[in-house]
Amino acid sequence: MSEAIEWLADGTPFSPRFNDRYHSEGGGLAQAREVFFHGCGLPAAWAAQPQWRILETGFGLGLNFLVTWAGWRADPQRPQVLHFVSIEAWPADADDLQRSLPLDPELHPLAAQLHAQWWGLTPGFHRLVFENGHVVLTLCIGDAQAMLREMAFEADSVYLDGFSPQRNPDIWNLHTLKAVARRCRRGTCVATWTIARAVRDSLTQCGFEVQKTPGVPPKRDNLQGQFNPAWEPRKAEATTTGAPSHCIVVGAGLAGAAVAASLARRGWLVTVLDAAQTPAAGASGLPGGLLAPLVSKDDNLASRLSRNGVRSTLQQAQALLQMDQDWQPSGVQEKQADAEPLWHAHAGWIQPARLVQAWLSHARITWQGGVQVDRLQATPEGWQVLNAQGDVLAQATLVIVAAGMASRAITRTEIPLQPIRGQVSIGRRGAEVLPPYPVNGHGSFIPNLPAAHGRTWVMGASYERDNAVASITAADNQANWERLQVLLPDAASALHSQFEDGTVQAWAGIRCAAPDRLPMVGPIAPGLWVSTAMGSRGLSFAHLCAELLAAQLHGEPWPVEKKSAAALDVRRYVSGA
């Protein structure tokens with residue numbers, strides 16, 4: 001879906017599709033700074049704010065984003081988090097993106113980081129994270145009106161950019177500008193380079209007060225304005241809470257640890273409670289798992305969400321874990337019946353418990369193990385967490401339950417959760433000739449995983465529905481070897497002796513799944529949220545769900561489309577929540 005770009009004699013990038021330049025022959029840097037960044041009153045407007053949310057209607061080659069990011073870095077009064085949400089129907093390829101940069105040393109290090117994350121831009125939302133999560137770019141690939149309908153936040157600034165109204169009228173028409181207005185609060189600033197009468201009239205009709213301002217040569221005028229309609233604007237769909245204070249997370253697996261870390265990064269003091277004596281004691285204790293997207297012939301919702309989730313977890317692994325010890329972006333080969341092998345370049349293996357430990361190590365998180373939570377009790381001040389004897393274990397204004405199969409009993413709701421037992425087989429890595437990378441398909445195989453006693457391989461996992469007993473069985477080891485025979489016949493032959501002589505070890509855990517095999521995340525009562533039912537894809541879904549939950553709590557742009565968020569919402573199963 002990459003856009004073909006041509007280059008004019010003066011070095012200006014040109015779009016054959018729209019028969020128009022990406023920026024004026026004078027260069028786009030001055031336009032990005034003066035028309036959009038300063039045109040929206042920045043950086044003064046965002047001074048000392050906890051977050052600032054910018055909506056852009058045309059990402060193009062990313063210059064407005066890079067200039068805004070650079071402005072954020074240079075400002076001592078910058079907001080804690082800069083959210084930049086941009087729409088692009090026809091993204092450029094990575095090489096053209098890099099080639100288009102102006103000769104500005106301030107922007108080149110930022111552009112290199114953008115270039116490194118510029119992959120997998122299929123239709124839909126993509127979350128790119130920089131500056132340890134303080135600069136967040138949400139790229140929305142698709143038609144502007146469709147993408148605007150899928151957003152759920154109030155913008156503080158709007159960059160109206162794109163090819164000229166004559167060349168690309170759809171991005172400037174009344175319906176698109178109405179959709180932009182729905183994403184604005186009273187006082188949202190808007191800026192653009194076009195002063196076309198039709199654009200000015202449509203903006204006025206949508207509730208913006210606009211005026212011409214001096215332009216950047218060779219243009220004489222630009223356009224600036226504020227959203228100040230005569231009517232009361234409709235609020236965004238986000239479920240917001242007050243300023244961060246103290247919250248409780250019940251559960252210390254992937255789902256709970258991810259939520260705790262996401263909220264701690266936003267200023268919450270988080271207490272994590274778990275029945276086990278150590279974190280990741282349940283299914284998240286898997287010795288090694290694959291971080292690879294789900295492949296389906298129809299590219300269904302679960303597949304699209306898994307791609308978003310893999311990107312999200314890869315970002316966390318890169319920031320928090322030790323490569324080659326805790327994880328490795330090795331790539332993963334996908335083998336499906338009656339199809340050519342597929343290569344996932346942005347994938348690899350990871351040790352889930354290491355990721356859980358890294359998330360829980362945040363300075364604002366307190367971990368308490370051996371705590372048997374029985375139920376919750378609402379109070380005027382929030383929620384109390386009780387044990388079976390009715391003793392108050394903790395209390396806070398916000399509680400998130402991420403306790404796997406126990407989530408239903410703790411919340412006293414009828415959310416349908418199914419236990420799925422899984423067993424993996426583990427063996428020593430010797431001189432066998434094995435693939436140099438993990439392979440996924442009929443089961444999964446990780447050929448070279450670090451362990452305390454040396455290198456190991458991991459094969460599995462079994463998938464036994466409605467079994468909540470994490471026992472080890474010889475039958476499942478045999479079943480895993482049979483899966484390996486289908487997946488990798490040569491590897492199965494090389495490892496057959498280990499299965500035969502009983503030296504193969506095993507690990508078993510209980511996954512928690514919903515009937516539709518999608519996670520459950522969202523509020524079930526004021527101040528009471530859940531994040532559970534990650535199934536066999538906790539590595540892909542846990543952090544994505546945590547970021548969705550945190551975004552909804554804080555009025556931030558969501559990391560997924562509204563229709564995807566609705567498919568994940570726990571309220572699809574909890575009537576009256």
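Preceding this paragraph is the structure being described.
Residue positions within a chain follow its written sequence, with the count starting from 1. With pLDDT at 70 or above as the cut-off, local features in this predicted model cover only qualifying residues; side-chain atom pairs require 80 or more to be listed or tallied, and sums for whole chains, interfaces and linings still use all residues. Note: side-chain values were computed over all heavy atoms of the structure, leaving out hydrogens and water.

**What to know about the side chain of Asp476**
Then, number 1: You can see Asp476 is positioned in helix 12 (residues 474–487).
Then, number 2: Asp476 sits in the buried class, given a relative accessible area of 12%.
Then, number 3: What qualifies as a polar contact is a pair of N or O atoms within 3.5 Å, subject to a donor-acceptor requirement within protein and to the restriction that residues adjacent in sequence count only when both atoms come from side chains. Of the polar contacts made by the side chain of Asp476, one reaches the side chain of Arg421; its length is 2.4 Å. Only DSSP runs of H or I with at least four residues qualify as helices, and only runs of E with at least two residues qualify as strands; both kinds are numbered from the N terminus onward. A 1.4 Å probe rolled over the protein chains alone gives each residue an accessible area, and that area as a share of the maximum for its type sets the label: buried under 20%, exposed over 50%, partly exposed in between.

**Things to note about a positive patch on the surface**
Then, number 1: A cluster of basic side chains, namely Arg149, Lys178, Arg182 and Arg234, defines a positive patch on the protein surface.
Then, number 2: Mapped onto the elements, Arg234 comes out in the loop between strand 11 (221–227) and strand 12 (246–250). The patches reported here contain residues having more than 30% relative accessible area and no salt bridge. Joining distances are 9 Å for like charges and 5 Å for nonpolar side chains (Val, Leu, Ile, Met, Phe, Trp, Tyr). Accessible surface area values rest on a Shrake-Rupley calculation with a 1.4 Å probe, where residue burial reflects the displayed protein chains alone. We define a salt bridge as a side-chain nitrogen of Lys or Arg found within 4 Å of a carboxyl oxygen belonging to Asp or Glu. Charge counting follows a simple rule: Lys and Arg are positive, Asp and Glu are negative, and His as well as the terminal groups are ignored. Each charge is placed at NZ for Lys, CZ for Arg, CG for Asp and CD for Glu.

**Examining the packing of aromatic side chains**
Then, number 1: Pairing of aromatic rings covers Phe, Tyr and Trp, the last counted by its six-membered ring, and requires centre-to-centre distances within 6.5 Å; plane angles under 30 degrees mean stacked, over 60 mean edge-to-face, and any other angle means tilted. If you walk through the whole model with that rule in mind, you get 16 aromatic pairs.
Then, number 2: Consider the rings of Phe37 and Trp46, whose centres lie 5.6 Å apart with planes at 65°: the pair is edge-to-face.
Then, number 3: Exposure remark for Phe37: the relative accessible area of 5% places this residue in the buried category.
Then, number 4: Residues Trp457 and Phe499 carry aromatic rings whose centres are separated by 5.6 Å and whose planes lie at 35° to one another, so their mutual orientation is tilted. Taken as a pair, Trp457 in strand 27 (residues 454–460) and Phe499 in helix 13 (residues 489–500) lie far apart in primary sequence, 42 residues in all.
Then, number 5: Whether a charge lies above a ring is judged from NZ of Lys or CZ of Arg, which has to be within 6 Å of the ring centre and within 35 degrees of the ring normal. The ring of Trp90 carries Arg17 above its face, with NZ or CZ at 3.5 Å from the centroid.

**Notes on the packing of helix 9 (residues 301–320) against helix 10 (residues 352–360)**
Then, number 1: Note on definitions: angles span 0 to 180 degrees between N-to-C directions of axes, and those axes are lines fitted to C-alpha atoms, for helices only across the stretch in contact. The geometry of helix 9 relative to helix 10 is characterised by a closest axis approach of 11 Å and an angle of 70° between their N-to-C directions. Accordingly, the angle class assigned to the pair helix 9 and helix 10 is roughly perpendicular. Where helix 9 abuts helix 10, its residues Thr313, Gln316 and Leu320 lie against Leu355, Ala358 and Trp359.
Then, number 2: In this classification, the charged set is Asp, Glu, Lys and Arg, the nonpolar set is Ala, Val, Leu, Ile, Met, Phe, Trp, Tyr, Cys and Pro, and all remaining amino acids, among them Gly, are polar. Its residues assigned to classes, the contact of helix 9 with helix 10 shows four nonpolar, two polar and no charged. The cut-offs work like this: below 35 degrees is roughly parallel, past 145 is roughly antiparallel, 65 to 115 is roughly perpendicular, and the gaps in between are oblique. Any two residues whose heavy atoms approach within 4.5 Å at even a single point are treated as in contact.

**Thoughts on the sheet that holds strand 5 (residues 81–88)**
Then, number 1: Strand order across the open sheet formed by eight strands is 6-7-5-4-8-9-11-10, with mixed pairing between neighbours. The sheet is open, and its two borders are formed by strand 6 (124–130) and strand 10 (208–214), each paired with just one other strand. Sheet twist, expressed as the average angle between the axes of neighbouring strands with direction ignored, equals 20°.
Then, number 2: When DSSP locates at least two bridges between a pair of strands, those strands are taken to pair. As judged from the four bridges shared by strand 9 (residues 184–192) and strand 11, these two strands associate in the antiparallel manner. The residue bridging Ala191 from the neighbouring strand is Gln224, located in strand 11.
Then, number 3: Those strands touched by helix 6 (residues 174–181) are strand 4 (51–56), strand 8 (155–160), strand 9, strand 10 and strand 11, and its axis lies near 155° from that of strand 8.

**Considering the sheet that holds strand 14 (residues 289–291)**
Then, number 1: Across the sheet, which stays open at both edges, the three strands sit in the order 14-18-15 with antiparallel pairing between neighbours. Whereas interior strands pair on both sides, the edge strands pair on one side only; in this sheet they are strand 14 and strand 15 (327–328).
Then, number 2: Note that strand 14 and strand 18 (residues 348–350) share three bridges and pair antiparallel. Note that in strand 18 the partner of Leu291 across the bridge is Gly348.

**With respect to the environment of His344**
Then, number 1: Mapped onto the secondary structure, His344 falls in strand 17 (residues 342–344).
Then, number 2: The spacing of His344 and Gly41 is 303 residues in sequence and 43 Å in space, taken between C-alpha atoms.
Then, number 3: In contact with His344, other than residues within four places in its own chain, are Ala292, Pro293, Val295, Gly331, Val332 and Glu334.
Then, number 4: Among the polar contacts listed, one links the side chain of His344 to the side chain of Glu334, at a separation of 3.2 Å.

**Description of the pattern of salt bridges**
Then, number 1: Summed over the entire model, instances satisfying the criterion amount to 20 salt bridges.
Then, number 2: Across the pair Asp156 and Arg53 runs a salt bridge whose closest N-O atoms are separated by 3.1 Å. Taken together, the residues Asp156 in strand 8 and Arg53 in strand 4 connect sequence positions 103 residues apart. Here the two residues Asp156 and Arg53 agree in accessibility, since each one is buried.
Then, number 3: Linking Arg421 and Glu464 is a salt bridge whose minimum nitrogen-to-oxygen distance equals 3.2 Å. One end of the pair, Arg421, is in strand 24 (residues 418–428); the other, Glu464, is in strand 28 (residues 464–465), with 43 residues separating them in the sequence.
Then, number 4: Residue class for Arg421 comes out buried when judged on its relative accessible area of 1%.
Then, number 5: Take Glu464: its relative accessible area is 34%, and that puts it in the partly exposed class.
Then, number 6: Members of the salt-bridge network, linked through shared partners, are Arg265, Arg266, Glu547 and Glu556.

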